[in-house]
Amino acid sequence: VQLQASGGGLVQAGGSLRLSCAASGSIFSISAMGWYRQAPGKQRELVAAITSGGSTNYADSVKGRFTISRDNAKNTVYLQMNSLKPEDTAVYYCNADILYAGGSGWFDEYWGQGTLVTVSS
């Protein structure tokens, strides 16, 4: 099983980016999916998460600006980021709890490789 993230880049403050993360492999089911970020010198933090049923939660710092969504048929999670601020600059990681063939028999946690988002002022 792999998570492949994409969509990061350099954007000016006030701009938008859309991150994508696709899970691949012999997947039976995916429960929660989410996005985390880690800025230089800081701990990794949750940005947004979404359940298989579509319930979402967001960090206070991104509420009203970011939207998480998922396409269960494509095993993909998205993060639409609007009104970006310089403090949003970080490496963004996707995360998913996946049940797959040959696994533990329960949902295991997987991480994507990270994609860099840089917001210039």
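The shown structure was predicted, so the numbers you read here are calculated from the model rather than taken from an experiment. (Residues numbered from 1 in each chain as written. Predicted model: local features only at pLDDT ≥ 70, side-chain atom pairs only at ≥ 80, totals over all residues. Heavy atoms only, no water.)

Draft legend 1. Molecular detail of the pattern of salt bridges. Per the counting criterion, the structure on display carries four salt bridges. Here Asp88 and Arg37 are joined by a salt bridge, their closest N and O atoms 2.9 Å apart. Here Asp88, found in the loop between strand 8 (76-81) and strand 9 (90-100), pairs with Arg37, found in strand 4 (residues 27-38); they are 51 residues apart in sequence, far enough to count as distant. (Salt bridge = Lys/Arg side-chain N within 4 Å of Asp/Glu carboxyl O. Helix = DSSP H or I, 4+ residues; strand = E, 2+ residues; numbered from the N terminus.)

Draft legend 2. Seen up close, the nonpolar core. One finds Trp35, Leu79, Met81 and Tyr92 to be the most contacted residues of the largest nonpolar core, which totals 31 residues. Secondary structure elements with two or more residues in this core: strand 1 (2-6), strand 3 (17-24), strand 4, strand 5 (45-50), strand 7 (66-71), strand 8, strand 9 and strand 11 (115-120). For this core, the element with the highest residue contribution is strand 9, accounting for five residues. (Core = buried A, V, L, I, M, F, W, Y, C linked by side-chain atoms within 4.5 Å. Buried < 20%, exposed > 50% of the residue type's maximum accessible area, 1.4 Å probe, protein only.)

Draft legend 3. Structural context of the environment of Cys94. In this fold, Cys94 is placed in strand 9. Each C-alpha atom, one on Cys94 and one on Ile50, is 11 Å from the other, the two residues being 44 residues apart in sequence. The contact partners of Cys94, leaving out residues within four places of it in the chain, are Leu3, Ala5, Cys21, Gly34, Trp35, Tyr110, Trp111 and Gly112. (Contact = heavy atoms within 4.5 Å.)

Draft legend 4. Summary view of unusual backbone geometry. The residue Asn75 is not glycine, and still its phi comes out positive at about 50°. If you trace the backbone, Asn75 turns up in the loop between strand 7 and strand 8. Of note, the phi angle at Ser83 is positive, near 50°, even though the residue is not glycine. In this structure, Ser83 sits in the loop between strand 8 and strand 9.

Draft legend 5. How the structure looks around the sheet that holds strand 7. As summarised here, the arrangement of the four strands in space is 1-3-8-7, forming an open sheet in which the pairing is antiparallel. With one partner strand each, in any of the chains shown, strand 1 and strand 7 form the two edges of the open sheet. Each neighbouring strand pair of the sheet contributes to a mean axis angle of 15°, computed without reference to strand direction. Bridge analysis of strand 1 against strand 3 gives five bridges, and the strand direction is antiparallel. Counted as the bridge partner of Gln4 is Ala22 from strand 3. (Pairing = 2+ DSSP bridges. Axes fitted to C-alpha atoms, helices over the stretch in contact; angles between N-to-C directions.)

Draft legend 6. Examining the side chain of Arg37 more closely. Residue classification places Arg37 among the buried residues on the basis of a relative accessible area of 6%. A polar contact is formed between the side chain of Arg37 and the side chain of Glu45, at a distance of 2.7 Å. With sequence-adjacent residues up to four places away left out, Arg37 is seen in contact with Gln43, Arg44, Glu45, Val47, Ser61, Val62, Phe66, Glu87, Asp88, Ala90, Val91 and Tyr92. (Polar contact = N/O pair within 3.5 Å; in protein donor to acceptor, adjacent residues only side chain to side chain.)

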